[in-house]
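Observations on chain architecture
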Amino acid sequence: MKTTYKAVEVSAPGVLRVVERPVPEPGPGQVRIRVEACGICHTDAATVTGIYPGLKLPRVPGHEVVGRIEALGGGVARWKIGERVGVGFFGGEDGVCESCRRGDIVNCQNAVIPGVTMDGGYAEVMIAEARGLASIPDELSSVDAAPLLCAGVTTYNALRNAGLRAGDLVAVQGIGGLGHLGVQFARHMGFRTVAIGRGRDKEKLAKDLGAHVYIDAAAEDAAAVLQGMGGARAILSTGTSGAAMGPLVSGLAARGKFIVVGVPQDQIQLDAFPLVFGGRSIYGSLTGTPIDNEDALAFSVLENIRPMIETFPLERAADAYARMMQGKARFRVVLVTKDAARQ
């Protein structure tokens, strides 16, 4: 076995470069993964630009990682060499902070975050905490599974934890990296699914993904259209515009929920009236635990939900990242290694 591996690191803010590193040994409670695929997420920008609080460079980005275990650290009993596993944004908890002690480990105050607190999956090899691993179903390719470990579980968890019932009117704002999965999950969870985008050119795609109704927010008042349908029990906001998010709250039914999973650069401006009169609410939803990831993957297999992806070789990570940031990808970008090519 080679004693070095190829990785793409952020050597300075905005600079992605390919480097050779010595193959590391996993420590206690860790495993070494031979990476097959790693999705590129918009959140990776916080690492690439160097703005994530407490980030230390150089750092290898990537938190949508799928590969096979090739070495076990001390005390790892749950996993075996050769198993195909995945790691998402939540890579492990400290177990002692208040959130963990209250059972809310996904909001651990000292969480392990691949690509931020430890090197991530833009590499041929990655060290991961065993407690942060998810098993990958045989029915999913590594390339398809990778985006489901972040964009997938984020939209899946947000919807399944919203207290909704089959038949409820649920809208998904944005038909992009998150939204195209959100529409599929909403439809297959049994909701009356509305997709909200900008431009009629997205209508066919939205309906092909499972939307019953498409609203062109560039030509219609989306909140008014939703109210005309009786009001949405929930709106899953996956967009990148805060200015477009705020007015949609008025499209909720009484006691409806506006769930934010996309993080826009600009602020969300809210009118308090629909919040107070009607008891509507707005809140955020963040990723999921490893077992949540396994649930999202299993549901995706059950209902044949798949991300729309473009693949790039690991060596072209900088080009792939730029394409994602420029909004040109349809809709998730996945880096593949030479190990994936041999599958």
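Everything below is about the structure printed above this text.
Parameters and conventions
Residues numbered from 1 in each chain as written. Predicted model: local features only at pLDDT ≥ 70, side-chain atom pairs only at ≥ 80, totals over all residues. Heavy atoms only, no water. Pairing = 2+ DSSP bridges. Helix = DSSP H or I, 4+ residues; strand = E, 2+ residues; numbered from the N terminus. Phe/Tyr/Trp six-rings, centres within 6.5 Å; stacked < 30°, edge-to-face > 60°. Buried < 20%, exposed > 50% of the residue type's maximum accessible area, 1.4 Å probe, protein only. Disulfide = S-S within 2.5 Å. Polar contact = N/O pair within 3.5 Å; in protein donor to acceptor, adjacent residues only side chain to side chain. Contact = heavy atoms within 4.5 Å. Core = buried A, V, L, I, M, F, W, Y, C linked by side-chain atoms within 4.5 Å. Salt bridge = Lys/Arg side-chain N within 4 Å of Asp/Glu carboxyl O.

With respect to the pairing of strand 4 (residues 65-72)
Relative to strand 4, strand 3 (residues 30-40) runs antiparallel, the two sharing seven bridges. Counted as the bridge partner of Arg34 is Arg68 from strand 4. As paired elements, strand 4 and strand 5 (residues 84-87) share four bridges and run antiparallel to each other. Residue pairing in the sheet places Val66 in a bridge with Gly86 of strand 5.

Details of the packing of aromatic side chains
Under the definition given, this model contains four aromatic pairs. A centroid spacing of 5.5 Å and a plane angle of 40° characterise the contact between Tyr156 and Phe299, whose relative ring orientation is tilted. Of the two residues, Tyr156 is situated in helix 3 (residues 142-160) and Phe299 in helix 9 (residues 290-302); the sequence distance between them amounts to 143 residues. Comparing Tyr156 with Phe299 shows no difference in burial state: the two are buried. Consider the rings of Phe185 and Phe299, whose centres lie 6.1 Å apart with planes at 35°: the pair is tilted. In this pair, Phe185 is assigned in helix 4 (residues 179-188) and Phe299 in helix 9, connecting sequence segments 114 residues apart. Note on Phe185: relative accessible area 0%, which makes it buried.

What about the state of the cysteines?
Scanning the entire structure with this criterion turns up zero disulfides. Distance from the sulfur of Cys41, which forms no disulfide, to the nearest cysteine sulfur (Cys150) is 3.9 Å. Cys41 sits in the buried class, given a relative accessible area of 6%. With no disulfide of its own, Cys97 has Cys100 as its nearest cysteine by sulfur position, at a separation of 3.6 Å.

What about the side chain of His63?
Looking at where His63 falls in the secondary structure, it is placed in the loop between helix 1 (45-48) and strand 4. Looking at His63, the relative accessible area reads 2%, which means it is buried. A polar side-chain atom of His63 sits 3.2 Å from a polar atom in the side chain of Asp44. Residues within four places of His63 in sequence aside, it is in contact with Cys38, Cys41, Thr43, Asp44, Val87, Gly88, Phe89, Pro114 and Cys150.

Details of the pairing of strand 6 (residues 125-129)
Counted residue by residue, strand 6 has five buried out of five residues, so it is predominantly covered. Residues Val125, Ile127 and Glu129 point to one face of strand 6 and Met126 and Ala128 to the other, with burial holding for every one of them. Looking at chain direction, strand 3 and strand 6 are connected through five bridges and run antiparallel. If you follow Gln30 over to strand 6, its bridge partner there is Glu129.

Focus: helix 4
With eight of ten residues buried, helix 4 lies mostly within the body of the structure. Residues of helix 4 that are buried include every one of Gly179, His180, Leu181, Gly182, Val183, Gln184, Phe185 and Ala186, and no others. One or two residues past the end of helix 4 sits Gly190, with phi positive at roughly 95°.

A word on the nonpolar core
Among the nonpolar cores identified, the biggest contains 42 residues, and Leu159 and Phe185 are the most heavily contacted of them. Every element with two or more residues in this core is listed here: helix 3, strand 8 (169-173), helix 4, helix 5 (203-209), strand 11 (232-237) and helix 9. In terms of residues, this core owes the most to one element, helix 3, which gives ten residues. Not counting residues up to four positions away in its chain, the partners in contact with Phe185 are Gly152, Thr155, Tyr156, Leu159, Phe299, Ser300 and Ile305. Grouped together as the second largest cluster of nonpolar side chains are 37 residues, Ala7, Val10, Val48 and Val65 included.

Things to note about the pattern of salt bridges
Using the criterion set out here, one finds 22 salt bridges in the structure. Residue Glu203 pairs with Arg200 through a salt bridge whose shortest N-O separation is 2.8 Å. The partner of Glu220 in a salt bridge is Arg200, and the shortest N-O contact between them spans 3.5 Å. Of this pair, Glu220 sits in the loop between strand 10 (213-216) and helix 6 (222-228) while Arg200 sits in the loop between strand 9 (192-197) and helix 5, and the two are 20 residues apart along the sequence. The exposure class assigned to Glu220 is partly exposed, which follows from its relative accessible area of 32%. Through salt bridges with shared partners, one network takes in Glu9, Arg17, Arg21, Arg59 and Asp119.

Note that all results are geometric; they support no functional claim without further evidence.
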